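The primary structure of each chain is shown beneath.
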Amino acid sequence: MNVLDLIRTRILKEQRLDDAQYLMAKAYRGVAYVDAHHDEPKPGEVTKQLTYRGRHYAHQ
């Protein structure tokens, strides 16, 4: 391999990483992220009291 091929390979690798980060991270696109499982419950929603291996927890 010559030096120019090594440089080209490194540039392509960095471009692919940047593209993947751009496509996967919502913060890069300015889209608000809403997590249905960890956000605060909406007023009026019914929560279930569940038990898993003797541990009680609430689930909406």
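Residues numbered from 1 in each chain as written. Predicted model: local features only at pLDDT ≥ 70, side-chain atom pairs only at ≥ 80, totals over all residues. Heavy atoms only, no water.

Notes on unusual backbone geometry
And step 1. Within the chain, Arg53 stands out as a residue other than glycine whose phi angle is a positive 50 degrees.
And step 2. Its place among the elements puts Arg53 in the loop between strand 1 (48–52) and strand 2 (55–59). (Helix = DSSP H or I, 4+ residues; strand = E, 2+ residues; numbered from the N terminus.)

Points about the confidence of the model for the protein chain
Interpreting fine coordinate detail is not advised for predicted regions of low pLDDT.
And step 1. Per-residue confidence for the protein chain averages 77 on the pLDDT scale, and 70% of its residues sit at or above 70.
And step 2. Confidence scores differ between elements of the protein chain, with helix 2 (residues 26–29) showing the lowest mean pLDDT of 57 and helix 1 (residues 3–24) the highest of 88. (pLDDT = per-residue confidence, 0-100.)

Side note on a nonpolar patch on the surface
And step 1. Residues Val3, Leu4, Ile7 and Ile11 make up a contiguous nonpolar surface patch of roughly 380 Å² in combined accessible area.
And step 2. Relative accessible area serves as the criterion here: at 58%, Val3 is assigned to the exposed category. (Patch = residues over 30% accessible without salt bridge, like charges linked within 9 Å, V, L, I, M, F, W, Y side chains within 5 Å. Areas by Shrake-Rupley, 256 points an atom, 1.4 Å probe, with all protein chains shown as cover. Salt bridge = Lys/Arg side-chain N within 4 Å of Asp/Glu carboxyl O. Buried < 20%, exposed > 50% of the residue type's maximum accessible area, 1.4 Å probe, protein only.)

Re the pairing of strand 1
And step 1. Among the five residues of strand 1, zero are classified as buried, and the element is accordingly described as predominantly exposed.
And step 2. Sheet analysis places strand 1 next to strand 2, joined by five bridges and oriented antiparallel. For Tyr52, the partnering residue across the bridge sits in strand 2 and is Arg55.
And step 3. Taking the residues that link successive antiparallel strands as the turn, the strand 1-strand 2 hairpin has two residues, and the phi of Arg53 there is positive, at about 50 degrees. (Pairing = 2+ DSSP bridges.)

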